[in-house]
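Chains, contacts and geometry: an overview
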Amino acid sequence: MDSNKKYWKGLEELNRTPEFVEKNKHEFAEPIPIEQVLSGGGLMGKTPRRDFLKALGFGVGAVTLAACQKVPVHKSIPYLIKPEEVTPGIANYYSSTYDGSAILVKTREGRPIKVEGNPNDLLSKGGLSAQAQASVLDLYDNSRVQDPQQNGSPTGWAQVDAFVKNQLAAIAASGKTISIVTSTIHSPSTQAVINDFIAKYPTAKHVSYDAVSYTGIIKANQNSFGKAVLPHYNFDKADIIVSFAADFLGTWISGEEFTRQYVSNRNNKSLEAKKMSRHIQFESGMSLTGTNADVRIAIKPSEEGVALVNLYNALSGTTLPGSRKLTTANADKAILLVAAELKAAKGKALVVCGSNDVATQVLVNAINSLLGSYGTTIDLDNPSRQYAGNDGEIVDFITQAKNGTVGAALFLDANPAYDYHSADAVKDALKKVSLKISFSDHADETAALCNIIAPNHHYLESWGDDSSVTGYYTVMQPTINPVYNTRQAEQSLLVWSDNPVKDYYTYVRNNWNNNLLAKGGLSGQAGWETLLQTGFVLAAPVAAGSYTFNYDLNAVAQTILNQSAKLAEAKVELQLYQNTAMRDGKRANNPWLQELPDPVSKVTWDNFAAMSPSDIIKLGLDEFEVIKIEANGYTVTLPVLSQPGQAPGTVSVAVGYGRTAAGLVGNNVGKNAYPFLSFLNGTFQTNASATITATGDIFPLSQTQTHHSFEGRNVIREASFTEYKKNPAAGSGAEGEHEKYDLWEATNEDHIHARPVYDWVMAIDLNACTGCGACVVACSAENNIPVVGKDEVGRRREMHWIRIDRYYSFNNDSNGHAVTKEKEIAKLDNFNNVTVVHQPMLCQHCDHAPCETVCPVLATVHSSEGLNQMAYNRCVGTRYCANNCPYKVRRFNWFNYWNDSRFDNYLNNEHTQLVLNPDVTTRFRGVMEKCSMCVQRIQAGKLQAKMEKRPLRDGEVKVACQQTCSANAIVFGNRNDPNSEVSKALKSERTYYVLEELNVKPGIGYQVKVRNTGTESLA
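Read on for a plain summary of the structure. (Residues numbered from 1 in each chain as written. Predicted model: local features only at pLDDT ≥ 70, side-chain atom pairs only at ≥ 80, totals over all residues. Heavy atoms only, no water.)

A tally of helices and strands in the protein yields 35 helices and 42 strands. In the protein, buried positions account for 62% of the 1019 residues. The contacts in the protein between residues at least 6 apart in sequence include a share of 76% that link residues at least 24 apart. When the accessible surface of the protein is split by element, carbon and sulfur atoms take 51% of a total near 37,500 Å². (Helix = DSSP H or I, 4+ residues; strand = E, 2+ residues; numbered from the N terminus. Buried < 20%, exposed > 50% of the residue type's maximum accessible area, 1.4 Å probe, protein only. Contact = heavy atoms within 4.5 Å. Areas by Shrake-Rupley, 256 points an atom, 1.4 Å probe, with all protein chains shown as cover.)

Laid out in structure tokens, this is it:
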């Protein structure tokens, strides 16, 4: 399959632009300024002892006092171990919850330093998102609100309580509404507190909305089946998956859970059984899910509804109104073939859609009903509680506040002044509200409009619980005393409502004792302690039932037709989306997330306008040229990015950027796209008719993708599922060995010394890796990797030890080479059909490591256990090793990133340095660094086994990237153990080694990417 493939990281590499050639022709990307060094400037010059995070507001003094606060303490119970006191040098793990998933929190000397997935978690089985991995850093952000505030000035909790209770009583007596505005609440105890508050103040009302909404799906299920729920989807039970702009492997509903399900039908074990699901994606912008699809069809947003109508007609044999031909080549043919495949997989098929339009989702329900998906791949009886917001409620709240009927507004995990489509409407409405309270831990855009800020705890300081899926309950316990003078929002509501239970810990425990422990067969003190150790309980699920669709589809199809026709009138169709790092923008002040490259574009620290290469040529735009986008009465300027796979006639923009009160890290990074939303037929719409205008300005974006080029050498190998079934070694290169050369004299080590017990190696399954980037953040947290900021990334100086390379490809025989001449623009439309492969790339720990042979001071050497090690205090920074590394995985510390005022990083402040892992040395300027295979974890595992006088068990040592991977794409272990998981993985016929023709004998084997492209091409 790969014989006709050409792989390229970006358009500049494919086209060999002068800038790309110039950057890559030198020995090093950038020379060391020797003259400055010798003259006392540059690297050796003295800089102020100040960190970027001191400037950014990531400081630490209060944390050291947190453990000394003289307040009542309810002791948390560690996961698995129960030490009487903290033992210096020994980590404790506490169970908790993040966004509904059970997690483990690693603490050292009383400070949380790392979040891990709970391997027994129902949803992700130990996998965690980049957002969850980065959440620990937010604890040490000293731009958090550190005391309660009244009218912009710090005050005490007693003063706040007296004022608020007096105001609430007066407002309740006047009959005005007390609105509690929140995002979706899926904590049973928090919801109970809100219910008690409403009981105390009968005029109170709970307003629930989500910045990124799923109201369309919920209302569609109410219309179709009388159940206003968000379904629980079972991708692992689907033999064929058809998605219409639903990024279910990325940001749609529950990406980590869906990734685990999806990969279970496509990884090593599934392929060995000659089983593989088939995935077809229809979408406008290239999403993370689209990059993983077997077949991807680029269509405009205006054609999504039309495509669904065509699909329903093909499945049912009826003729709904709105059916018409699609503009994308072969799209109509693809719909007919997809319909045939769905029919053949009835009962094991799944169709999902990312639209928030009710009519569109009703039609999706009708299609899934025809396919018998309810009760198998779709569960309405054990639904997701992840998102339950109602778009209409926030619109009604704004209207009522403008009319003066709202007397008080309390905002909990809600920031409508930023993420509502009209910030001016929010500001005008809140002027009419006398009491405005924000529970935000940052003085965000909405908090700035409030007269009271009652700052909430960070979740690692909190008691609580969660239930993001019906029947599955997780518990939250604090791992550190409150760093600042904050208080849980639930505690404040209890106080203000004169609840007989004044303490939220007691409230949570009572709720569990009375309602939740029994669901897991637990009770009493012993049951409570068991809960705190395990982290969750699972109630017996209800049997998922089948549902018959019964709704008038003619009216639905007509609504879709009208909306589609109106949108199609535009010269450019705008699509809004979330990326995996910023999501909805609530975590914009986290530098780990800001520096995480976008999985598709590889852009950091900005959002942008993604357009197809053909559109950019037609409009005469340059890469990164700033364009003005106008839609729905809102205008914004953004740099344009040429995005292969983008549907012509469309532009995609990520929400979550453009914060003005996020904190010093997130302020003014990118532009706010939420005002492009429109409220139509009861829901917020993410597509709009737009016009774009060139400004002539250039705004460079910092991308990481082509910083490390392999100069056209073959590093990706693919095969089709058909080829794999005929020959499991298809695409691996096993059928034709390369001629190998050896610069080292062969020796028989067994005659020299005893064979080592351990040979640490890794296997990476390209069929499982989705490219999400969670491993990048996990590695940063585990190994104290600094953030360097946008400017340094632009200089090719990012410090990540693991990167996820994204490769585009197409068939040379059909598409030829990339064309940039205007007269051949039509050929550029072939970029719509590119395929994508993601490849994690890190130090390969070669047995014949090229870096070791050129180091003049033996700073990089090989261990007896197969690891390429770095002696940092020996390195003098020649960078010969980086130049001689064919994989380009070594990083040079140009500066003391954690102690230099010139750079955007987070390690400058003693407060933030409490997040550092004490088991890993922080590196200094002028030295090389790279992946160590988490050697500190290896040593800890061996030491534990030694103390218990037993051999080290397989799987007992997990490297950080492996542990967080929801797809289980990375396997690490001892090759000398023939029964180890990694040994078995490396024996797969699909295994190949990148650049194995160089005979450097890498210690990381990759498994060939297999695509289930089917017997007939859809594209």
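Once the structure has been displayed, the description carries forward.
Summed over all chains, the structure comprises 32 aromatic pairs. By way of ring pairs, the aromatic residues Tyr233, Phe235, Phe248, Trp252, Phe258 and Tyr262 are connected into one cluster. Positioned above the aromatic ring of Tyr418, the side-chain terminus of Arg659 is 5.0 Å from the ring centre. We note Arg797 situated over the ring of Trp894; from NZ or CZ to the ring centre the distance is 3.9 Å. (Phe/Tyr/Trp six-rings, centres within 6.5 Å; stacked < 30°, edge-to-face > 60°. Lys NZ or Arg CZ within 6 Å of the ring centre and 35° of its normal.)

All right, on to the sheet that holds strand E24 (residues 625-631) then. The six strands are arranged E21-E26-E23-E25-E24-E29 in a closed barrel whose pairing can be described as mixed. On average, each strand axis in the sheet is inclined to that of its neighbour by 45°, with strand direction left out of account. The sheet contact formed by E24 and strand E29 (residues 687-698) spans five bridges and is antiparallel. Among the inter-strand pairings, Glu630 is bridged to a residue of E29, identified as Thr691. Sheet strands touched by helix H22 (residues 553-568): strand E21 (572-577) and E29. Its angle to E29, the strand with the most contacts, is close to 20°. (Pairing = 2+ DSSP bridges. Axes fitted to C-alpha atoms, helices over the stretch in contact; angles between N-to-C directions.)

This brings us to the environment of Glu341. Locating Glu341 in the fold gives a position in helix H14 (residues 331-344). A relative accessible area of 25% means that Glu341 is categorised as partly exposed. Put simply, Glu341 and Arg278 are 63 residues apart on the chain and 9.5 Å apart in space, counted from C-alpha to C-alpha. Ignoring sequence-local partners within four residues, the contact set of Glu341 consists of Ile240, Arg278 and Ile280.

Attention now goes to unusual backbone geometry. We note that Lys274 has phi near 55°; this positive angle belongs to a residue other than glycine. Its location among the elements puts Lys274 in the loop between helix H11 (268-272) and strand E11 (278-283). Of the residues examined, Lys274 reaches a relative accessible area of 38% and is grouped as partly exposed.

Turning our attention to H14. The first and last C-alpha atoms of H14 sit 20 Å apart over 14 residues, in line with the 20 Å expected at 1.5 Å per residue. Taken residue by residue, H14 has Ala331, Ala334, Ile335, Leu337, Val338, Ala339 and Leu342 as its buried positions. Looking at the buried residues of H14, the elements they touch are strand E10 (240-244), E11, strand E12 (295-298), helix H13 (304-316) and strand E13 (349-353). (Expected span 1.5 Å × (residues − 1).)

Right, let's talk about the sheet that holds strand E32 (residues 760-765) for a bit. What the four strands build is an open sheet, ordered E39-E32-E41-E40; its pairing is mixed. Looking at which strands have only one partner, the edges of the open sheet turn out to be strand E39 (970-974) and strand E40 (991-992). As paired elements, E32 and strand E41 (residues 1004-1007) share four bridges and run parallel to each other. Bridging from a neighbouring strand, Met762 pairs with Ile1004 of E41.

Now for the packing of helix H6 (residues 130-138) against helix H27 (residues 774-783). When two helices pack together, their arrangement is given by the angle between the helix axes and by the axis-to-axis distance. Across the interface, H6 lies against H27 with an axial gap of 8 Å and an inter-helix angle of 25°. The angle between H6 and H27 places the two elements in the roughly parallel class. In this structure, H6 meets H27 at a crossing whose hand is left-handed. Taking contact as the criterion, the partners of Ala130, Gln133 and Ala134 in H6 are, on H27, Ala774, Val777 and Ala778. (Parallel < 35°, antiparallel > 145°, perpendicular 65-115°, else oblique. Left-handed = near helix turned anticlockwise from the far one by under 90°.)

What follows concerns the environment of Pro786. By the secondary structure assignment, Pro786 is in the loop between H27 and helix H28 (790-794). Classification of Pro786 as buried rests on a relative accessible area of 3%. A C-alpha to C-alpha distance of 9.3 Å links Pro786 and Asn896, two positions 110 residues apart in sequence.

Right, let's talk about helix H7 (residues 157-174) for a bit. Under the 1.5 Å per step criterion, the end-to-end length of H7 is 26 Å for 18 residues, consistent within 8% with the ideal 26 Å. Of all the positions in H7, only Trp157, Val160, Asp161, Val164, Leu168 and Ile171 are classed as buried. Mapping the buried residues of H7 onto a view down its axis gives an arc of 110°, with all of them on the same face. Looking at H7, the residues exposed on the side facing more than 90 degrees away from the buried face are Ala158, Asn166 and Ala173. Buried residues along H7 sit in contact with strand E7 (177-182), helix H8 (188-200), strand E15 (406-412), strand E16 (435-438), strand E17 (452-453) and helix H19 (489-496). (Arc of directions from axis to C-beta.)

The next subject is the state of the cysteines. Inspection of the entire model under this criterion finds zero disulfides. Not part of a disulfide, Cys769 finds its nearest cysteine sulfur in Cys775, a span of 6.6 Å. The exposure class of Cys769 is buried, given its relative accessible area of 9%. Free cysteine Cys934: the closest other cysteine sulfur is in Cys779, separated by 6.2 Å. (Disulfide = S-S within 2.5 Å.)

Right, let's talk about the pattern of salt bridges for a bit. By the definition in use, this model includes 31 salt bridges. Two residues, Asp759 and Arg975, come together in a salt bridge whose shortest N-O distance is 3.1 Å. Remark: Arg975 occurs in the loop between E39 and helix H35 (981-986) and Asp759 occurs in the loop between helix H26 (749-752) and E32; sequence separation between them is 216 residues. By relative accessible area, Asp759 is classed as buried at 15%. Residue classification places Arg975 among the partly exposed residues on the basis of a relative accessible area of 28%. A single salt-bridge network, built from bridges that share partners, covers Lys114, Glu116, Glu782 and Arg937. (Salt bridge = Lys/Arg side-chain N within 4 Å of Asp/Glu carboxyl O.)

Another point: the environment of Leu137. The topology assignment puts Leu137 in helix H6. Linking Leu137 and Leu914, residues 777 residues apart in sequence, is a C-alpha distance of 9.4 Å.

With that settled, the discussion passes to the side chain of Ser467. Among the secondary structure elements, Ser467 is positioned in strand E18 (residues 464-469). Overall, the relative accessible area of 1% leaves Ser467 in the buried class. Look past the residues within four positions of Ser467 in its chain and what remains in contact with it is His186, Pro188, Arg385, Tyr472 and Tyr473.

What follows covers the nonpolar core. Within the largest apolar cluster, 100 residues are counted, with the highest numbers of intra-cluster contacts made by Trp592, Met762, Tyr887, Phe972, Val994 and Tyr1006. Examining the composition of this core, we find that six residues originate from one element, H27, more than from any other. The next biggest cluster of nonpolar side chains, apart from the first, holds 69 residues, and it includes Val263, Val351, Tyr387 and Ala967. (Core = buried A, V, L, I, M, F, W, Y, C linked by side-chain atoms within 4.5 Å.)

The element strand E19 (residues 472-476) is largely enclosed, with a buried count of five among its five residues. By the alternation rule, side chains of E19 split into Tyr472, Thr474 and Met476 and Tyr473 and Val475, which are all buried. As paired strands, E18 and E19 are joined by four bridges and run antiparallel to one another. Across the sheet, residue Gly464 finds its bridge partner in E19, namely Met476. The antiparallel pairing of E18 with E19 creates a hairpin that spans two residues between the two strands, and Gly471 there sits at a positive phi of about 95°. Of the strand pairs in this sheet, E19 and strand E20 (residues 536-538) are connected by three bridges, and their pairing is antiparallel. Each bridged residue has a counterpart across the sheet, and for Thr474 the counterpart in E20 is Phe536.

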